[in-house]
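Structural overview for review
The lines below spell out each chain.
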Amino acid sequence: MTGDVNAVAGGLLRDLAFVQTSPQKTFGYKRAASAVLSLERPLTELRLGDGTLTRIPGIGPASSRVILELLDTGISQTVERAVEHSGRSEEIRTRRNLRTHFLSRAAVVGVLADPARAGPKAADYRGDLQMHSEWSDGSPTLDEIVEACVARGYRFAAVTDHSYGLKIAGGMSMAAAAEQWAVIDRLNEATGDRFRLIRGIEANIGSDGQLDLSSEEAAQFELVLAAPHSRLRKNDDQTGRLLAAIRTPHVHVLAHPRGRISGSRAGVIAQWDDVFAEAARHGVAIEIDGDPARQDVDYTLAARALASGCLFALDSDAHTTHQLRYADIALAHARLAAIPPERIVNCWPTDRLLSWLAQRSG
Ligand SMILES: [Zn+2]
C-alpha cells in the first residue's frame, strides 16, 4: 500500500514529538499526529484554494507547516533538521522501520470504499471476536457491549477478557469467568435469535508456548484466543513458541500473532510461513487485530497466511465500545490481502461459526 499520505504525515509528527525537549511540545506534536492519523480523508483533499490547510482540530500552526512541506515536496526539511539536531537519528531510524504497513484511518476508509478491491466488504462482516469488558482491562459492561454490537448490525460477538495468567491486564479468575458466563447466558436469553454473545477468553502464551489455562479450563470457553504478551522485544526466533500454542487443544485463534506496536516494538520474530502452515493444518485462525497501534498481522503477512491455506479472524480488540470501529482496520487489511470472505470466520453465519467453535472445543 503506497501513498498513505496521512500515515506518512502522522509518522513525521511523531518523530518531531520524540525529539522535543519540552514536554509541552512533545504533547502538542503527538496530539497533532493522532489527529492526522484519525482523519477520514487524505490531507491532499484538505487544502484550500490558497494552498493552506483546512483548520483541523488538534493541529496547530507548526504541525500544519510540516504537513504542507510534505504535501509540496514529499519530505519535511523541518523534521529532518530537528532529528539531526537532536542527535537521535539512529533511534528515529529504528522507529520509522517499526511503522511499516500501518494504515491511517483515511487509508482504511479508502480501501473499504474501493470497489476494485477483492476481499470482504463491510456488509460481509457479521461479528467481532476479540473485545474486552470491565471483567478484565476493558471499560464497558457486557450490556453495553451487546447494545453497541447490535447497533453495528452484528449477529454475534465474543467477549474475550484476559485469562488469569495476565495479572497486569486484570486477568479473570475461573471463578469470575463462571460469574461472567451467567451474565452472558442472561443476555443471550434476552436477545434471542437476533444476537449471540460468545463466551471467549484471551489466553496468554507463555515463553515456552504453553497457555496460562489448563486444557480443562480452556475447554469451558466457547472461543479461546491465544496471544503473546511477553518476550516481544527479543531478537531470537520464536517459531517453536507459536507452533506449540497452535498445537494446544481448544485454541481457535492465534491473536495479534506478532505483538508489534507501531513505532516502538517489532514483536515476535518467527518463520511465519511455518507458523501459518501449522495453523492451516490445525484449523487455527490467524487474527488480523484492528487496534490502530497493532494492525497485527498486516496485509503483507496476511497474504502469506492466505497462500498457506489459513482461516482468519478479523477483530477490533476493543477496550471501549467506541473502539469497536477498529474492526474496520482489520477489514481493510483483509481487503488489501484479497482474503475471500469464505476464509474469514467473522463472515460466516452464526450457526456455522458456532459449530466450528464447538468442534474445536470438543
Ligand atoms: Zn492481547
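This write-up is about the structure you can find in this document. (Residues numbered from 1 in each chain as written. Predicted model: local features only at pLDDT ≥ 70, side-chain atom pairs only at ≥ 80, totals over all residues. Heavy atoms only, no water.)

1. With respect to the coordination of the zinc ion
- On the protein side, the zinc ion has Glu202 (OE), His229 (NE2) and His256 (NE2) as donor atoms, found 1.9 to 2.3 Å from it.
- With relative accessibility at 23%, the residue His229 sits in the partly exposed group. (Donors = N, O, S within 2.8 Å, 3.2 Å for Na, K, Ca; no water. Buried < 20%, exposed > 50% of the residue type's maximum accessible area, 1.4 Å probe, protein only.)

2. Regarding the pairing of strand 2 (residues 156–159)
- Here strand 2 shows two buried faces, one formed by Phe156 and Ala158 and the other by Ala157 and Val159.
- As paired strands, strand 2 and strand 3 (residues 196–205) are joined by four bridges and run parallel to one another. If you follow Ala157 over to strand 3, its bridge partner there is Leu197. (Helix = DSSP H or I, 4+ residues; strand = E, 2+ residues; numbered from the N terminus. Pairing = 2+ DSSP bridges.)

3. Examining the pairing of strand 7 (residues 312–315)
- Along strand 7, one buried face is formed by Phe312 and Leu314 and the opposite face, lined by Ala313 and Asp315, is buried too.
- Relative to strand 7, strand 6 (residues 285–289) runs parallel, the two sharing four bridges. When the bridges of strand 7 are listed, Ile286 appears paired with Phe312.
- Between the parallel elements strand 6 and strand 7, the chain passes through helix 12 (residues 299–307) in a crossover that is right-handed. (Right-handed = clockwise from strand over helix to strand, strands pointing away.)

4. Description of the sheet that holds strand 1 (residues 127–128)
- Read across the open sheet, the seven strands follow the order 1-2-3-4-5-6-7; overall the sheet is parallel. A single partner strand is all that each edge strand has here, and the edge strands are strand 1 and strand 7.
- Inspection of the sheet shows strand 4 (residues 223–228) paired to strand 5 (residues 253–254) by two bridges, in the parallel sense. Within strand 5, the residue paired with Leu225 across the bridge is Val253.
- The strands that helix 13 (residues 327–336) touches are strand 1, strand 6 and strand 7; relative to strand 7, the one it contacts most, it runs at about 140°. (Contact = heavy atoms within 4.5 Å. Axes fitted to C-alpha atoms, helices over the stretch in contact; angles between N-to-C directions.)

5. Describing the packing of aromatic side chains
- For the coordinates displayed, the defined rule picks out four aromatic pairs.
- Taking NZ or CZ as reference, Arg352 lies 3.9 Å from the ring centre of Trp348, over its face. (Phe/Tyr/Trp six-rings, centres within 6.5 Å; stacked < 30°, edge-to-face > 60°. Lys NZ or Arg CZ within 6 Å of the ring centre and 35° of its normal.)

6. Here we look at unusual backbone geometry
- Cis peptide bonds are those with omega within 30 degrees of zero, and the linkage from Asp296 to Val297 qualifies with 0°.
- Mapped onto the elements of the fold, Val297 is located in the loop between strand 6 and helix 12.
- Even without a glycine there, the phi angle at Arg231 is positive, about 55°.
- Relative to the elements of secondary structure, Arg231 occurs in the loop between strand 4 and helix 10 (239–247).
- For Arg231, a relative accessible area of 29% gives the class partly exposed.
- Residue Ala338 is not a glycine yet carries a positive backbone phi of 55°.
- Tracing the chain through its elements places Ala338 in the loop between helix 13 and helix 14 (350–361).
- Here Ala338 falls in the partly exposed class, since its relative accessible area comes to 36%.

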